[in-house]
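# Remarks on the overall topology
The lines below spell out each chain.
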Amino acid sequence: KDEVINVRQRASLYQTIDRLLEAGLIVVHQVERGEKRPERTIYALTEEGRTTMLAWLRAMLAERDAEFPQFPAALAYLMLLAPDDARRQLEQRMHHLAAEIARIDGQLAAAAEIPRLFLIEGEYVHSMLQTELAWVTAVVDDLKTGRLTWNAEWIQEVAAQLEQGEHGAEHKEEQDHDG
């Protein structure tokens, strides 16, 4: 499940465990110590924890929360790079996406005997990566052909028009309010 749940940062994981313990959502089930291994604590859900977990699960499946991944944030500032530089960066992303898709293809093929229910999150990640790759490929194609391009002068012109439009809207609101 580490493909879809970030458990790489131990400090964050331990902070989360502490919060769950304090909230009464989990309890220490047992502590074991293997030969030449560090102590290992096993936790169990409390009844309140199970109820809360199922409510969270239902909400995460049914509702779409605003998420703020890095890639769309970077796209919001794409114009800070020259079009050729942006294209090169996106081409690198295409290669990384294709490699990740191939890796997941291999995992899914190797797990062909495992019931789909236990692989469904991998299918989702695979599908999202394929969609992202198709979109990035289309943007790279548009950058290559010049259908998508910009320069500092053009950006300044657009910014001035947008600023003028905002001030025009503010002026109209003032007139509407006064008149």
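These numbers were taken from a predicted model, which means no experiment stands behind them.

What follows deals with the overall build of the protein. A tally of helices and strands in the protein yields 6 helices and 2 strands. Secondary structure elements of the protein occur, N-terminal to C-terminal, as α-β-β-α-α-α-α-α. Looking at the protein alone, contacts between residues at least 24 apart form 50% of all its contacts between residues at least 6 apart. Of the roughly 14700 Å² of accessible surface on the protein, 55% is carried by carbon and sulfur atoms.

Taken as a whole and judged by the stated rule, the model has 9 salt bridges. With a shortest N-O distance of 2.9 Å, Arg116 and Glu123 are connected by a salt bridge. The exposure class of Arg116 is exposed, given its relative accessible area of 55%. Within the structure, one salt-bridge network assembled from shared partners comprises Asp84, Arg87, Glu91 and Lys144.

On the surface, a cluster of nonpolar side chains totalling about 560 Å² of accessible area is made up of Leu54, Trp56, Leu57, Met60 and Leu61. With respect to the helices and strands, Met60 occurs in helix 2 (residues 47-62). Relative accessible area serves as the criterion here: at 63%, Met60 is assigned to the exposed category.

Their axes nearest at 9 Å, the elements helix 4 (residues 83-110) and helix 5 (residues 120-145) cross at an angle of 155°. By the angle between their directions, the pair helix 4 and helix 5 is classed as roughly antiparallel. For the pair helix 4 and helix 5, the sense of crossing is left-handed. Class assignment of the residues belonging to the contact of helix 4 with helix 5 gives a composition of 16 nonpolar, 4 polar and 7 charged.

Of note in the backbone geometry, Lys36 takes a positive phi value of approximately 60° without being a glycine. Within the element layout of this structure, Lys36 appears in the loop between strand 1 (26-33) and strand 2 (39-45).

Attention now moves to the packing of aromatic side chains. Per the stated rule, a full pass over the model turns up 1 aromatic pair. Geometrically, the ring pair formed by Phe71 and Trp135 is edge-to-face, given 6.3 Å between the ring centres and 85° between the ring planes. Remark: Trp135 occurs in helix 5 and Phe71 occurs in helix 3 (residues 70-75); sequence separation between them is 64 residues. On the basis of relative accessible area, Phe71 is assigned to the buried category, the value being 16%. The class for Trp135 is partly exposed, based on a relative accessible area of 44%. In this structure, Arg93 packs its charged tip against the face of Phe71, placed 3.6 Å from the ring centre.

Turning our eyes to something else, we now look at the pairing of strand 2. Pairing geometry for strand 1 and strand 2, over 7 bridges, is antiparallel. Note on strand 2: the bridge partner recorded for Val28 is Tyr43. Hairpin remark: strand 1 followed by strand 2, antiparallel, with 5 residues in the connecting loop; positive phi at Lys36, about 60°.

Attention now goes to the nonpolar core. In terms of nonpolar packing, the biggest core is built from 14 residues, with Ala86, Leu90, Leu97, Leu129, Val136, Leu143 and Trp150 touching the most fellow members. Sorting the residues of this core by element identifies helix 4 and helix 5 as the ones contributing at least two each. No other element matches helix 5, which puts 6 residues into this core. Setting aside residues no more than four positions away along its own chain, Leu143 makes contact with Pro83, Ala86, Arg87, Leu90, Leu148 and Trp150.

The next point concerns helix 5. In a regular helix each residue adds 1.5 Å, so 26 residues correspond to 38 Å; helix 5 covers 38 Å between its end C-alpha atoms and thus fits that length. Listed in full, the buried residues belonging to helix 5 are His126, Leu129, Leu133, Val136, Val139, Val140 and Leu143. Packing partners of the buried residues in helix 5 comprise helix 3 and helix 4. In the segment just after helix 5, Gly146 is the residue with positive phi, at about 85°.

The rules behind each value
Residues numbered from 1 in each chain as written. Predicted model: local features only at pLDDT ≥ 70, side-chain atom pairs only at ≥ 80, totals over all residues. Heavy atoms only, no water. Helix = DSSP H or I, 4+ residues; strand = E, 2+ residues; numbered from the N terminus. Contact = heavy atoms within 4.5 Å. Areas by Shrake-Rupley, 256 points an atom, 1.4 Å probe, with all protein chains shown as cover. Salt bridge = Lys/Arg side-chain N within 4 Å of Asp/Glu carboxyl O. Buried < 20%, exposed > 50% of the residue type's maximum accessible area, 1.4 Å probe, protein only. Patch = residues over 30% accessible without salt bridge, like charges linked within 9 Å, V, L, I, M, F, W, Y side chains within 5 Å. Axes fitted to C-alpha atoms, helices over the stretch in contact; angles between N-to-C directions. Parallel < 35°, antiparallel > 145°, perpendicular 65-115°, else oblique. Left-handed = near helix turned anticlockwise from the far one by under 90°. Nonpolar A, V, L, I, M, F, W, Y, C, P; charged D, E, K, R; others polar. Phe/Tyr/Trp six-rings, centres within 6.5 Å; stacked < 30°, edge-to-face > 60°. Lys NZ or Arg CZ within 6 Å of the ring centre and 35° of its normal. Pairing = 2+ DSSP bridges. Core = buried A, V, L, I, M, F, W, Y, C linked by side-chain atoms within 4.5 Å. Expected span 1.5 Å × (residues − 1).

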